[in-house]
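Chain by chain, the residues:
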Amino acid sequence: MVETAGGGPGDGTAEVLDRPLPDGVRRRVVQIVSDGFGGLTVTELPAQLRQYARFAPNRRAKFAGNAMAAALETDALFRQRIGEKFREAQQELAGALDSGSPPPAADPLDVAAAAYVLRPAGWVKLVTAAGEEAQRADAERADEESRAELERLREELAQARDHTRAETERLRGELESAKREAESLHRKLRSALSDVKRGEAALRKAQREADAVRAEAQAQVSAAESESRRLKARLGEAEAALEATRRAVREGRSVEDMRVRLLLDTLLDATQGLRRELALPPVSVRPAETVDAVEPGRMTPKDIAARALSENDPAILDQLLALPQAHLVVDGYNVTKTGYPQMPLEKQRLRLLGQLSALAAQTGAEVTCVFDGAELAAPVLLAPPRGVRVLFSKPGVTADELIRQLVRAEPPGRPVIVASTDREVADGVARAGARPVPSAVLLKRLS
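Residues numbered from 1 in each chain as written. Predicted model: local features only at pLDDT ≥ 70, side-chain atom pairs only at ≥ 80, totals over all residues. Heavy atoms only, no water.

1. Brief notes about unusual backbone geometry
- For Gln325, which is not glycine, the phi dihedral falls at a positive 55 degrees.
- By secondary structure assignment, the location of Gln325 is in the loop between helix 10 (314-321) and strand 1 (327-331).
- What makes Gln325 partly exposed here is its relative accessible area of 26%. (Helix = DSSP H or I, 4+ residues; strand = E, 2+ residues; numbered from the N terminus. Buried < 20%, exposed > 50% of the residue type's maximum accessible area, 1.4 Å probe, protein only.)

2. Here's the deal with the confidence of the model for the protein
- Residues with a pLDDT of 70 or more make up 78% of the protein, whose mean pLDDT is 78.
- Long-range and interchain partners of residues 1-10, a stretch whose pLDDT sits below 50, account for 15 contacts in this model, where long-range means more than four residues apart.
- Contacts for the low-pLDDT stretch residues 299-306, under 50 throughout, to residues beyond four places or in other chains number 5 contacts. (pLDDT = per-residue confidence, 0-100. Contact = heavy atoms within 4.5 Å.)

3. Here's the deal with the packing of helix 11 (residues 332-339) against helix 12 (residues 345-363)
- Their axes nearest at 10 Å, the elements helix 11 and helix 12 cross at an angle of 100 degrees. In terms of orientation, helix 11 and helix 12 fall into the roughly perpendicular class. Together, Gly332, Tyr333, Val335, Thr336 and Lys337 of helix 11 and Leu345, Gln348, Arg349 and Leu352 of helix 12 make up the contact between the two elements.
- When grouped by side-chain class, the residues that make up the contact of helix 11 with helix 12 number 4 nonpolar, 3 polar and 2 charged. (Axes fitted to C-alpha atoms, helices over the stretch in contact; angles between N-to-C directions. Parallel < 35°, antiparallel > 145°, perpendicular 65-115°, else oblique. Nonpolar A, V, L, I, M, F, W, Y, C, P; charged D, E, K, R; others polar.)

4. Structural notes on the sheet that holds strand 1
- Strand order in the open sheet formed by 5 strands is 3-2-1-4-5, and the pairing between neighbours is parallel. Whereas interior strands pair on both sides, the edge strands pair on one side only; in this sheet they are strand 3 (388-392) and strand 5 (435-437). Neighbouring strand axes in the sheet, compared pairwise and without regard to direction, differ in orientation by 20 degrees on average.
- Packing against the sheet, helix 10 makes contact with strand 1, strand 4 (416-419) and strand 5, and its axis sits at approximately 150 degrees to strand 5.
- Here helix 11 sits on the sheet in contact with strand 1, strand 2 (366-371), strand 3 and strand 4, set at roughly 65 degrees to strand 1. (Pairing = 2+ DSSP bridges.)

5. Structural notes on helix 1 (residues 23-37)
- Spanning 15 residues, helix 1 covers 21 Å between terminal C-alpha atoms, matching the ideal 21 Å at 1.5 Å per step.
- Within helix 1 the residues assigned to the buried category are Gly24, Val25, Val29, Val30, Ile32, Val33, Ser34, Gly36 and Phe37. (Expected span 1.5 Å × (residues − 1).)

6. Things to note about helix 6 (residues 108-118)
- Summarising burial for helix 6: 9 of the 11 residues are buried, a large majority.
- Just beyond helix 6, the residue with positive phi is Arg119, at close to 55 degrees.

7. What about the nonpolar core?
- Judged by nonpolar contacts, the single largest core of 34 residues is most densely connected at Val29, Leu72, Phe78 and Ile82.
- By residue number, the principal contributor to this core is helix 6, which donates 9 residues.
- Once residues lying within four places of it in the same chain are set aside, the contact partners of Leu72 are Val29, Val33, Phe78, Arg79, Ile82, Tyr116 and Val117.
- With 28 residues, the next largest nonpolar core counts Leu320, Leu321, Ala326 and Val437 among its residues. (Core = buried A, V, L, I, M, F, W, Y, C linked by side-chain atoms within 4.5 Å.)

8. Some remarks on the pattern of salt bridges
- A full pass over the atoms with the stated rule returns 18 salt bridges.
- One salt bridge connects Arg165 with Asp162, and the closest N-O pair in it is separated by 3.1 Å. Within this pair, Arg165 and its partner Asp162 are both found in helix 7 (residues 123-250), separated by 3 residues, close to a single helical turn.
- Residue Arg198 pairs with Asp195 through a salt bridge whose shortest N-O separation is 2.1 Å. Within this pair, Arg198 and its partner Asp195 are both found in helix 7, separated by 3 residues, close to a single helical turn.
- Among the residues examined, Arg198 registers a relative accessible area of 54% and is labelled exposed. (Salt bridge = Lys/Arg side-chain N within 4 Å of Asp/Glu carboxyl O.)

9. Some points on the side chain of Asp400
- The residue Asp400 is located in helix 13 (residues 399-409) in this model.
- One buried charged side chain, Asp400, makes no salt bridge at all; its nearest oppositely charged neighbour is Arg404, positioned 5.4 Å away. (Lys, Arg positive; Asp, Glu negative; His and termini not counted.)

10. Looking at the packing of helix 1 against helix 4 (residues 76-89)
- Running from N to C, helix 1 and helix 4 point in directions that differ by 80 degrees, and their axes come no closer than 9 Å. Classified by the angle their axes make, helix 1 and helix 4 are roughly perpendicular. Here helix 1 contributes Ile32, Val33, Gly36 and Phe37 to the contact with helix 4, which in turn contributes Phe78, Ile82, Lys85 and Phe86.
- Residue composition of the contact of helix 1 with helix 4, by class: 6 nonpolar, 1 polar and 1 charged.

11. Some thoughts on the environment of Glu44
- If you trace the backbone, Glu44 turns up in the loop between helix 1 and helix 2 (57-63).
- Looking at Glu44, the relative accessible area reads 28%, which means it is partly exposed.
- In this structure, the C-alpha to C-alpha distance between Glu44 and Leu77, residues 33 residues apart in sequence, is 9.0 Å.
- Other than its neighbours up to four places away in sequence, Glu44 contacts Phe78 and Arg81.

12. Examining the side chain of Thr368
- You can see Thr368 is positioned in strand 2.
- Judged by its relative accessible area of 0%, Thr368 falls in the buried class.
- Within polar-contact distance, the side chain of Thr368 engages the side chain of His327 at 2.8 Å.
- Polar contacts involving the side chain of Thr368 include one to the side chain of Arg389, which spans 2.4 Å.
- Apart from the residues within four sequence positions on either side, Thr368 is in contact with His327, Leu328, Val329, Val330, Arg389, Leu391 and Leu406. (Polar contact = N/O pair within 3.5 Å; in protein donor to acceptor, adjacent residues only side chain to side chain.)

13. With respect to the packing of aromatic side chains
- For the structure on display, the rule yields 2 aromatic pairs.
- An aromatic cluster is present here, built from Tyr333, Phe371 and Phe392 joined pairwise through their rings.
- Lys337 extends its terminal NZ or CZ atom over the ring of Tyr333, reaching a point 5.5 Å from the ring centre. (Phe/Tyr/Trp six-rings, centres within 6.5 Å; stacked < 30°, edge-to-face > 60°. Lys NZ or Arg CZ within 6 Å of the ring centre and 35° of its normal.)

Structure representation (structure tokens):
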């Protein structure tokens, strides 16, 4: 009589399976372990399987299948406990395996899995036979599927041949029709190409004529624009003159009267300055005054020679501003960008105007500071300092042009000093009778 699992030497525990466990048998073994797993306490389980004690059977078989198969193979006590649970659940199959005669109607995979768990005598043969039977069944099933697939492919091949034959006849007919249509299209294409070439020749001729007309029209437009700009400039000058005339009429005097009066004041101041410079006596010359000598406070030839100053000497600006009715016109941004270009424009203006106000208070000269209006992003809120006239050029007019207008507005003979490093500005005001001074000289004088 064969002993049960875990028994004496008559059982099959000493037998060894010399090949891998077939997949179908392995799945049935895992299912048997999973079913018997729930009937064991945590202490009866191997340490590596205790974490799966609370899992449902299906979830346990899914996540702990490899661990349960390994424990069943290596842990004889765990295998014995699972076998006991299986005997309780499948007494008929377990008894048949113990007697050495498995039920003929039983599934070979179930018989092999039960034999693998219970390990009766000859269990290796049962597992091997089940694997071979499963492989044979798979081979037969694959053979049946292959034969069915072959028949299906044969039918599809026959249908494809019939379809190909019909499609070939149809395509042959379409090809003949396409050839005839292509010949007709070739004839039409040759005719169309001839028409296109004639059209291209006519188009090139029309383009040349259009280019000539366009060039002539462009020249006429350019001439008209030049004439329009010239007329607009003259109109602007006329409007400016008209406005100045109206303003002078409103003030009760004309521009010429103002220029003559200013020139007269200049001549009077110059006459007084010349009298002071030459120290002319208020009466006729006395005989004693004809004697050549140096009087106290009078200049000697050495003093006169020392009065020659360099063009870059700030003292020359003081001499010019000391002239009667002197008018200093300052190119604002030219001076500030020469002296302190790193500062924002607003701070440049404030610094320069503050220094010019002090200069006007010291010298008593008329001071006008001109800024380029194109530099403004918005209207400037600025209170002009005492003694300094602040002007911004209008849109379309540069500060250089505004400076030249200021110089031309002065009467001939009045001393006008223009502070700018711009060579074009300096040459222009010099031709108008003004005295140009470099910006660096004014900066030195202000500092």
